[in-house]
Amino acid sequence: ADMERLVERLEKAVERLENVCQGPGMCGDASAKGVAQYVQAFDALLAGPVAEYTKISREVGGDVQKHAEMVHAGLMSERALLVVASQHQQPAENAFSELLKPISEQIQAVQNFREKNRGSKLFNHLSAVSESIPALGWVAMAPKPGPYVKEMTDAAMFYTNRILKEYKDVDKKQVDWVKAYLSIWTELQAYIKEYHTTGLTWSKTGPVATAGAKAAPAPPAGLAPPPPGPPPPPAPVSSSTDDSASRSALFAQINRGEGITSGLRHVSDDMKTHKNPALKNQGGPVRSGPKPFTAPKPACNANPSPKAPPLLELEGKKWRVENQENATNLVISDTELKQVAYVFKCTNSTLQIKGKINSITLDNCKKLGLVFDDVVGIVEIINSRDVKVQVMGKVPTISINKTDGCHVYLSKSSLDCEIVSAKSSEMNVLIPTEGGDFTEFPVPEQFKTVWNGQKLVTTVTEIAG
């Protein structure tokens, strides 16, 4: 009932915003004297792509509509920060962290909504939004906030492509929804490039912003404040912590690994060991090379949320195996062809699935062993690390996406299986031999692309060891 009332209030607020938005730079108070140009430009984005996305989301309805209202609330929190920045000088790091809290909380609320609605028929929609909503954190990124938004947008593509594939010739409204949502981030990148190329632009005059700084004037159309979310992780207090580290702590809940290097500082020649041999004798940590994809570790929290209970149950046609740790004898035996299995956040465990089912998905798993008989559809491995999959019968397709370390053991009857991979590393396929052993073959990770005069031609690059 509380959620319904909240959605009703936000719907009315959005309608009022749309009524006063008559064109670029004319949204709410944007035409008021003294409003910074980049705030007016952001209002144009709200009146254009954001309004279109919100409108189509209302037409789709259900969980998509509720999610869209949360996204809109996050964008309004961001607008409030932009107004503060346009009227104040840049604050100290701890004060800036406090100013970022409303945005951080709204990002968390959007992602929590996806996690609480995994059974939703529109789960791909929720996932596309949840994976890309950390783009709102661009205000804490320097010196390349634009590329950071691009990375977050790319994170949604896996799910938006699924939506397009499912609804392409079925429901044009769903296709329009994808286009409208992605256009928000495309327009935001252009906006950042024009007004905040190397980071959030602060006023050169006025008082220094403090944690209690308020945006003046108020957000357009008197929008209701966003619902309170869980408290964000506290920013670490350390004199040696640079801006990027503090901001990473604030946005630690952002579940995207590719963006963690966006704040690295430039290394001058006197800091490089090959140009300054004296540094080689000073000791210090030794790096073994760039690390593959890993999800960022959550920041320490004085009041951590309770750990989700382990789960192994059949919900409708879906077997849910979630939050299992150090479980070495998980078995699903009473299976049917119409059923699917979804394995989420399982660590250091093994799972055996007997019989023939429709599909299997491993999501966010670490050091997991999976053994199954037959799958008629696809086995998907997403956002995982150090997993081993053994096929006892047949499977037509195995998809590996954003995974670091994956061993696939094929059976003699599954040698015609197609293995599709993207953004993954350390993948190996093991083929059975006549003697009962396996021969290991690595999956290529590096490619060469050339223009042959008519089209791009891509081939595998083999590097001699």
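Residues numbered from 1 in each chain as written. Predicted model: local features only at pLDDT ≥ 70, side-chain atom pairs only at ≥ 80, totals over all residues. Heavy atoms only, no water.

Caption draft 1: Representation of the sheet that holds strand β12 (residues 418–422) in the model. If you walk across this open sheet you meet the 7 strands as β1-β2-β4-β6-β8-β10-β12, and the pairing is mixed. With one partner strand each, in any of the chains shown, β1 (311–315) and β12 form the two edges of the open sheet. Strand-to-strand twist of the sheet, defined as the mean angle between neighbouring strand axes without regard to direction, takes the value 10°. Relative to β12, strand β10 (residues 397–401) runs parallel, the two being bridged by 5 bridges. Residue pairing for β12: I400 is matched across the bridge by S421. (Pairing = 2+ DSSP bridges. Helix = DSSP H or I, 4+ residues; strand = E, 2+ residues; numbered from the N terminus. Axes fitted to C-alpha atoms, helices over the stretch in contact; angles between N-to-C directions.)

Caption draft 2: Spatial organisation of the packing of helix α2 (residues 37–60) against helix α7 (residues 172–195). Between α2 and α7, the least distance of the axes is 8 Å, while the angle of their chain directions is 170°. Here α2 lies roughly antiparallel to α7, going by the angle between them. The residue inventory of the contact of α2 with α7, partitioned by class, reads 16 nonpolar, 4 polar and 5 charged. (Parallel < 35°, antiparallel > 145°, perpendicular 65-115°, else oblique. Nonpolar A, V, L, I, M, F, W, Y, C, P; charged D, E, K, R; others polar.)

Caption draft 3: Seen up close, the packing of aromatic side chains. Under the definition given, this model contains 11 aromatic pairs. A ring pair is formed by F96 and W202, whose centres lie 5.6 Å apart and whose planes are at 75°; its orientation type is edge-to-face. Of this pair, F96 sits in helix α4 (residues 93–116) while W202 sits in the loop between α7 and α8 (243–250), and the two are 106 residues apart along the sequence. The same class applies to F96 and to W202, which are both buried. Ring geometry for W177 against Y181: centres 5.7 Å apart, planes inclined by 5°, an arrangement best described as stacked. Taken as a pair, W177 and Y181 lie in helix α7 at a separation of 4 residues, close to a single helical turn. Judged on exposure class, the residue W177 and its partner Y181 are both buried. An aromatic cluster is present here, built from F42, W138, Y191 and Y195 joined pairwise through their rings. Positioned above the aromatic ring of F344 is the side chain of R118, whose terminal nitrogen or guanidinium carbon lies 3.9 Å from the ring centre. Residue placement shows K318 over the ring face of Y342; its charged tip is 5.5 Å from the ring centre. (Phe/Tyr/Trp six-rings, centres within 6.5 Å; stacked < 30°, edge-to-face > 60°. Buried < 20%, exposed > 50% of the residue type's maximum accessible area, 1.4 Å probe, protein only. Lys NZ or Arg CZ within 6 Å of the ring centre and 35° of its normal.)

Caption draft 4: Structural context of the layout of surface pockets. Taken as a whole, the second largest pocket holds about 1,000 Å³ of empty space. Lining of the second largest pocket is provided by 37 residues; of these, N124, F158, R162, T361 and E380 occupy positions nearest its centre. Counting residues per element, the ones that place at least two in the lining of the second largest pocket are α5 (123–132), α6 (145–167), β4 (340–344), β6 (359–363), β8 (378–382), β10 and β12. In terms of residues, the lining of the second largest pocket owes the most to one element, α6, which gives 10 residues. (1 Å grid on protein atoms, 1.4 Å probe; cavity = no way out; pocket = protein on both sides within 12 Å on 5 of 7 lines; lining within 4 Å. Points joined across faces, edges and corners; volume = space filled by probe spheres on them.)

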